[in-house]
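Structural overview for review
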Amino acid sequence: MPKFNNLSVSTIREFDGGWNTVTSDLNLSTKFSKTEENVFYGLSGTKQKRYGTRFVCDVTSYADIEEDWEEITTTQQTLVTFTQKKELMVAAYDTVTITSPENIKGTYDVKQTTKDSFILDISKNTPAVGTEITFYKNKRDTITQTTTNTENVSKKLAHFSTENHSDLLIGHKITITSTPLAGFYTVVDRATGTFSIDVSNISNLQEKYATVSTVIGNRNIMHDELHKDNRIINITYFLDKLIAVSKYGEVIAIDANGNSIIIFNDDIAKQVGAGGGWNETSHVCFAVFNGILTIWNGVNKPLAVDLYRNVPCNYLVDEATQSNSMIPIAKYAISINHYLVAANIFDEQAGEWKHDRVMISDFDAIGTFNDGTENTLENGGVSVDIGKIVESSISEIRGVSRYRTQLIVSFDEVSTFGTLGGMTDATDTTGPEPVDYKLHKPEFNDVISDYGCVNHRTFQNIAGDVGALSFRGLGIFRKASLSNLTTSGRLSTIIGSELYKTFKDLSVEALTERIWSVYNAKEQQYMLFIPNASTFDDTTETTCFVYTIPSTGLARSTDGIWSKFTGWNFQCGCSSALNEIFLVDKTKVYILGNNDNPIYADFVGDPDIVDEYGERSGKDIEFIWEFGWQDMNNRQAKKTLRYIGLSTNGTSPFTVATNYDYIDEPLTGEQKIDMVGGDSVGWGNGKQNYGAGRRTNTEQLFAYTAKFNLIKLKIYGKSKEDLKINSISLFYQMGNIRR
């Protein structure tokens, strides 16, 4: 009978190495893994199955609302148009106090403005066309001004009180199903607590109607036969709403209950006098400046979202001129240090792209830009051609971000850092006397030549530094430890080949528009999403590369751990003010589980995913965690495995498998044992998976015998339950080189 040494134990409990595709699995420490799919290094220091997602809403599937309204009143409205002079600067939502002529004295709200006119509702004693009025603005402007009435338009309006009812916006559609007002209408006016429709075509109009029945939509993006490919292009969190933009230029606001409302489309734009909505778009960028959300698509003039206004979304305009003629069409934008910066500009005058140009607004002025044709004494906006500052073979800006107080402008292979707010002396000579003034002069004097950016949406703050995907991998910008200089580094070294292989064959359009990221602050994860095909129709999966910052130690950006999440095909996502992550697949919005709000299956609650019991329990998450070859610190000696023991939490079933001595094929070389999470109930005490009776929350050992020189561990499974692995122990006897 052979003699063995004393029973030895090898326990693996340090998992802070993560996924490593560079080091050979013949020489891989136990803290690293060869495969780490749908598992990650958790906040508690355990290796755990990733969290799942829960359905929030589908922006094409809301049912129309049937409502009955009481006490509907009707009035006569006369909209009076006045000439807008440059010195007047009357803006929408201003108040105008008319002091003469006597018959229309009073204070009125500005209903609408254009570059050449502004409109007041003066329904009583309507002035004749051509009447000159004297007025002042906003009840505090003591300077009286004059202008002339150019047009009067009279309408009959029906007014609905929104108390305990839907609150509709200008441009929304409403169908009245009850007589005598039955018909299809558009909301033409809105005030706090009321909205109004134009009923001028109704004969024998009454002053009041006791009850009116309606059907209201305005909640779904277009999804008819002509627009069946419509989907959400990008999404962000603003105030207490999710703001999403569709392929056909619609802007949707989604509240905490998953209810959405269209706040901008072609109908709304035309009704508020904006001319028309956005064109079809494949790219959307967001930037918040002074409480206003701006939206850019590189095709149309940008939009501005202010949810407290009667028209919550409209084209961004210069507040001084109420015009957007100087506001650029741009692909990217960011706010920094009292300035709004737009990058990768379409030059409308020249009819060509200035891909290397940034335009910087005037100080604290959201819509005041200068394309070089305006006097800089009155308009302090400036533009800079960054291509003249950096050396890049492709002179096209791919993204902008900020690092502390510095503006980052990135090309494919190089990035430059700019400081805004510096001033230089200038003199205006256009007037009768020269005027000295200060002109904004941004300084771009720091260039990093080894890291650029392939996509604006990959920029994220990571543990106080700024990361972005470049052709060299995930790069990081941070301050040098002994100076104020900015330096760069690479965070994806140990998965570099696998990461590059994922996006190297994508088209330029896919690289710049379809790769994206989000930072999951609750789990301290940078999540990078890369599609497996260049076109949307060909994409079957969007792989998520996850970089987790450990919760222990200093939480530095360079200390992260990689893993890979699969089974998803999300196109965009965002983080809320409470650090909840929202993910979008076509027209559906989901919320990602986390340590505070755990979700253990994918797509829970999705009405299109139903299990065999008719419940919306979601889909199983399939996971696999594979180590490298281990030799127990003695590569030549034969070992005899006797027992295996695990410490786990959760209730998920899983399989522990082993391979021996370079035989890596699952069918011929794999030995396995089925187990269940340590929080699972015992036999006969509740619902459990068939055959999953080996609970792993005690010191119980499980017989597991084999002879080997080298051993490889693998843990895998598929479930809708939680699983956290605290440690893995192998009990073995050490032999010699022969037995």
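Residues numbered from 1 in each chain as written. Predicted model: local features only at pLDDT ≥ 70, side-chain atom pairs only at ≥ 80, totals over all residues. Heavy atoms only, no water.

So, the packing of aromatic side chains
Under the convention used in this document: Pairing of aromatic side chains requires ring centres within 6.5 Å, counting the rings of Phe and Tyr and the six-membered ring of Trp. Pairs whose planes differ by under 30 degrees are stacked, by over 60 edge-to-face, and all others tilted. Segments assigned H or I by DSSP are reported as helices when at least four residues long, segments assigned E as strands when at least two residues long, and all are numbered from the N terminus. Relative accessibility thresholds used throughout: buried, under 20% of the residue-type maximum; exposed, over 50%; partly exposed, between the two (1.4 Å probe, protein chains only). The criterion for a charge sitting over a ring is simple: Lys NZ or Arg CZ within 6 Å of the ring centre, and within 35 degrees of the ring normal.
Overall, the coordinates contain 28 aromatic pairs when judged by the stated rule. Seen in terms of ring centroids, phenylalanine 82 and phenylalanine 118 are 5.6 Å apart; in terms of plane orientation they differ by 25°. Their pairing is stacked. Separated by 36 residues along the polypeptide, phenylalanine 82 in strand 8 (residues 65–83) and phenylalanine 118 in strand 11 (residues 117–121) bring together distant segments of the chain. For the pair formed by phenylalanine 82 and phenylalanine 118, the shared burial category is buried. With 5.4 Å between their ring centres and 55° between their planes, tryptophan 568 and phenylalanine 570 make a pair best called tilted. Under the relative-accessibility criterion, phenylalanine 570 is labelled buried at 1%. An aromatic cluster of three or more residues is present, and its members are Phe40, Tyr51, Phe55, Trp516, Phe529, Phe565, Trp568, Phe570, Tyr590, Tyr600 and Phe603. Over the face of the ring belonging to phenylalanine 565 we find arginine 50, whose NZ or CZ atom lies 5.9 Å from the ring centre. It is arginine 231 that lies over the ring of phenylalanine 536; its NZ or CZ is 4.0 Å from the centre.

Regarding the sheet that holds strand 27 (residues 339–347)
Let me state the cut-off plainly: Two strands qualify as a pair provided DSSP detects at least 2 bridges between them. In this description, a line fitted to the C-alpha atoms serves as the axis of each element, helices being fitted only across the stretch in contact, and the angle between N-to-C directions of two axes falls anywhere from 0 to 180 degrees.
Overall, antiparallel pairing links the 4 strands, which are arranged 26-27-28-29 in an open sheet. Among the strands making up the open sheet, the edge pair consists of strand 26 (329–336) and strand 29 (382–385). Between one strand axis and the next, the sheet turns through 25° on average, direction left out of account. Alignment of strand 27 against strand 28 (residues 352–360), held across 6 bridges, turns out to be antiparallel. Residue pairing across strands places phenylalanine 346 opposite tryptophan 353, the latter belonging to strand 28.

Quick word on the sheet that holds strand 30 (residues 399–403)
Adjacent strands of a sheet pair through backbone hydrogen bonds, lying either parallel or antiparallel. Taken in spatial order, the 4 strands line up as 30-31-32-35 in an open sheet, and their pairing is antiparallel. Among the strands making up the open sheet, the edge pair consists of strand 30 and strand 35 (443–448). In this sheet, adjacent strand axes meet at a mean angle of 25° when their direction is disregarded. Note that strand 32 (residues 415–419) and strand 35 share 5 bridges and pair antiparallel. Among the inter-strand pairings, threonine 416 is bridged to a residue of strand 35, identified as valine 447.

Topic: a nonpolar patch on the surface
Stated formally: Patches draw on residues past 30% relative accessible area with no salt bridge. Two like charges within 9 Å are joined, as are two nonpolar side chains (Val, Leu, Ile, Met, Phe, Trp, Tyr) within 5 Å. Calculation of accessible area relied on Shrake-Rupley with a 1.4 Å probe; when residues are assessed, cover is drawn exclusively from the protein chains displayed. Take a side-chain nitrogen of Lys or Arg and a carboxyl oxygen of Asp or Glu: if they are within 4 Å of each other, that pair is a salt bridge.
Together, Leu7, Tyr643 and Leu701 make up a nonpolar patch on the protein surface, roughly 250 Å² of accessible area in all. Tracing the backbone shows leucine 701 in the loop between strand 50 (671–676) and strand 51 (702–708). Leucine 701 gets classed as partly exposed once you look at its relative accessible area, which sits at 34%.

Considerations on the side chain of serine 323
Rule in force here: Any two residues having at least one pair of non-hydrogen atoms within 4.5 Å are treated as being in contact.
Along the chain, the position of serine 323 falls in the loop between strand 25 (313–315) and strand 26. For serine 323, a relative accessible area of 11% puts it in the buried group. Filtering out sequence-adjacent residues up to four positions away, serine 323 remains in contact with Lys115, Val317 and Asp318.

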